[in-house]
Amino acid sequence: MTLYVTLEPCAMCAGALIQSRIARLVFGTWDPKAGACGSICDLTAETRFNHHVIVQSEILTEDCRHLLQQFFQQLREAQPVP
């Protein structure tokens, strides 16, 4: 099974990928604040786990970055300022 996501998974999500035995992860852009599949740390490359996820990164990077930026911009605009 392959999981496709726009943003590099965090440590909790990377752990869930390993525990659920997802075979392959494909993501668009790195997460420099919380990424755990190569940017801050790489749980998917840890050899002591009994399952290893194949990771493919930087697929449609600019499209994914734009989608995320657009989503969070709309979210900020929808929230009232206190």
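Residues numbered from 1 in each chain as written. Predicted model: local features only at pLDDT ≥ 70, side-chain atom pairs only at ≥ 80, totals over all residues. Heavy atoms only, no water.

Draft legend 1. Representation of unusual backbone geometry within the structure. Residues other than glycine seldom take positive phi values, yet Glu58 does so here, at roughly 60°. With respect to the secondary-structure elements, Glu58 resides in the loop between β3 (54–56) and α2 (61–78). Not every positive phi belongs to a glycine, and Leu60 is a case in point at roughly 55°. Residue position: Leu60 is located in the loop between β3 and α2. (Helix = DSSP H or I, 4+ residues; strand = E, 2+ residues; numbered from the N terminus.)

Draft legend 2. Region of interest: the pairing of strand β1 (residues 2–7). The pairing of β1 with strand β2 (residues 24–29) spans five bridges and is parallel. Its bridge partner being in β2, Tyr4 is matched across the sheet by Val26. In terms of handedness, the path from β1 via helix α1 (residues 11–19) over to β2 forms a crossover that is right-handed. (Pairing = 2+ DSSP bridges. Right-handed = clockwise from strand over helix to strand, strands pointing away.)

Draft legend 3. Broad picture of the nonpolar core. If you look at the biggest cluster of nonpolar residues, it comprises nine residues: Ala14, Leu17, Ile18, Ile22, Leu25, Phe27, Ala36, Cys37 and Val53. Elements with a minimum of two residues in this core: α1 and β2. Per-element tally for this core: the top contributor is α1, with three residues. Dropping the residues within four chain positions of it, Leu25 is found in contact with Leu3, Val5, Pro9, Leu17, Cys37, Val53, Ile54, Val55 and Gln56. (Core = buried A, V, L, I, M, F, W, Y, C linked by side-chain atoms within 4.5 Å. Buried < 20%, exposed > 50% of the residue type's maximum accessible area, 1.4 Å probe, protein only. Contact = heavy atoms within 4.5 Å.)

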